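# Results of the structural survey
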Amino acid sequence: MSDDRMGAECENVKPDASSPDDKASQVRRMFDRIAPSYDFMNRAMTLGIDRLWRRKAVGMVARHGGTRILDVATGTGDLALQMARRIDGAEITGVDLSEGMIGIGREKVARAGMSDRISLMAADCLALPFADSTFDAVTAAFGVRNFADLSAGMREMARVTRPGGMLCVIELSTPRGSVTGPLYRLYTRGIVPALGRLVSRDSNAYSYLPQSIAAVPQGREMCALLEASGWKSASYLPLTFGSCTIYLAYN
């Protein structure tokens, strides 16, 4: 597959296949709608394991060093908050397409007394409002599969990262085991959409979720996309039977 087509399958999966609107617009509206129930759904869908996945990633970022951190697709700020608590002196900027998610994130940051160390703002990952080589590290938790152009998003994150800086991506992935694979498909395609409709009252968001997970590049394919986008030494670490994967790369 040519570099410019890497991630194309993921980019073609949209929250509402019947809508003519572009993916970014659909994703923005979807997260604005589900923002009030987003944190609850994350805990419920993963049985709270998503916190452990973030903790693992935060440890990797902390070991790399550096205090200027950009959290892309920050959502309601969970990863930003964990990094601020773990990494001494960290100054974290979080960006997200959804104003609804950012609004809830700002409330959480204020309650945690972290407003002097965490700044959240609405911004498009394909056009980050920062100068070249601004950050020591860039993170993205459960968001890259929502990018309208995956390769362009990876290149833009590389642009704002200093030479030698780190990228740490946490993304949901598909277990391949003979037992875990079918169970995972049953859970994500049946139980999760039903729970999502009940809690968030959104008919599309939690049906889009398993489709976007299945379509996003995974494992070696994601590492190849990262390196084709300008990152170096990409590696991946599967977690929890392969239902989540952490990707690391360097600028």
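The text that follows walks through the structure, step by step, so that each part is easy to find. Quick caveat: nothing in here was measured; it's all calculated off a predicted structure.

Conventions and cut-offs
- Sequence order as written defines the numbering, with residues in each chain counted from 1.
- Where totals are concerned, whole chains, interfaces and linings use all residues; where local detail is concerned, this predicted model gives features only for residues with pLDDT of at least 70, and gives and counts side-chain atom pairs only at 80 or more.
- The side-chain numbers reported here are obtained from all heavy atoms of the structure, hydrogens and water having been left aside.
- Each Phe, Tyr or Trp ring, with Trp reduced to its six-membered ring, pairs with another whose centre is within 6.5 Å; inter-plane angles below 30 degrees give stacked pairs, above 60 give edge-to-face pairs, and intermediate values give tilted ones.
- Only protein chains enter the accessibility calculation, which uses a 1.4 Å probe; a residue whose area is less than 20% of its type maximum is buried, one above 50% is exposed, and one in between is partly exposed.
- Only DSSP runs of H or I with at least four residues qualify as helices, and only runs of E with at least two residues qualify as strands; both kinds are numbered from the N terminus onward.
- Definition of nonpolar core: a set of buried residues of the types Ala, Val, Leu, Ile, Met, Phe, Trp, Tyr and Cys, connected through side-chain atoms within 4.5 Å.
- The contact criterion used throughout is that any non-hydrogen atoms of two residues lie within 4.5 Å.
- Between N-to-C directions, angles cover 0 to 180 degrees, with each direction set by a line fitted to C-alpha atoms, over the stretch in contact for helices.
- For this classification, under 35 degrees means roughly parallel, over 145 means roughly antiparallel, 65 to 115 means roughly perpendicular, and everything else is oblique.
- The handedness criterion is simple: a crossing whose near helix is rotated anticlockwise from the far helix by less than a right angle is left-handed, and one whose near helix is rotated clockwise is right-handed.
- Ten residues, namely Ala, Val, Leu, Ile, Met, Phe, Trp, Tyr, Cys and Pro, are considered nonpolar, four, namely Asp, Glu, Lys and Arg, are considered charged, and the remaining ones, Gly among them, are considered polar.

This brings us to the packing of aromatic side chains. Enumeration according to the criterion identifies 4 aromatic pairs in this entry. With centroids separated by 5.1 Å and ring planes inclined at 90°, the aromatic side chains of Phe-130 and Phe-135 adopt a geometry described as edge-to-face. Grouping residues by exposure puts Phe-130 and Phe-135 together as buried. Between Tyr-236 and Tyr-247, the ring centres sit 6.3 Å apart and the planes meet at 35°, which makes this aromatic pair tilted. You can see Tyr-236 sitting in strand β6 (residues 232-239) and its partner Tyr-247 sitting in strand β7 (residues 244-250), a full 11 residues away along the chain. Accessibility expressed as a relative area gives 1% for Tyr-247, which makes it buried.

All right, on to the nonpolar core then. Membership of the largest hydrophobic core comes to 79 residues, with the highest contact counts inside it found for Leu-70, Val-72, Ile-118, Met-154, Met-157, Ile-170 and Leu-226. Ranked by residues supplied to this core, first place goes to helix α2 (residues 23-46) with 9 residues. Once residues within four sequence positions are removed from consideration, Leu-70 is found in contact with Thr-93, Val-95, Leu-128, Phe-130, Phe-135, Ala-137, Val-138, Thr-139 and Val-160.

Here the focus is the packing of helix α6 (residues 150-159) against helix α9 (residues 220-228). α9 packs onto α6 with a crossing angle of 55° between their chain directions and a minimal axis gap of 9 Å. On the basis of their axis angle, the class for α6 and α9 is oblique. Where α6 crosses over α9, the handedness of that crossing is right-handed. In this structure, α6 uses Leu-150, Ser-151 and Met-154 to contact α9, whose residues at the interface are Met-222, Leu-225 and Leu-226. Split into classes, the residues belonging to the contact of α6 with α9 amount to 5 nonpolar, 1 polar and no charged.

Looking now at the packing of α2 against helix α8 (residues 205-215). Two elements in contact, α2 and α8, have axes whose closest approach is 10 Å; the angle formed by their N-to-C orientations is 95°. When the interaxial angle is binned, α2 and α8 end up roughly perpendicular. Contacts between α2 and α8 involve Lys-23, Val-27, Met-30, Ile-34, Met-41 and Met-45 on the former and, on the latter, Ala-205, Tyr-206, Tyr-208 and Leu-209. Taken together, the residues of the contact of α2 with α8 sort by class into 9 nonpolar, no polar and 1 charged.

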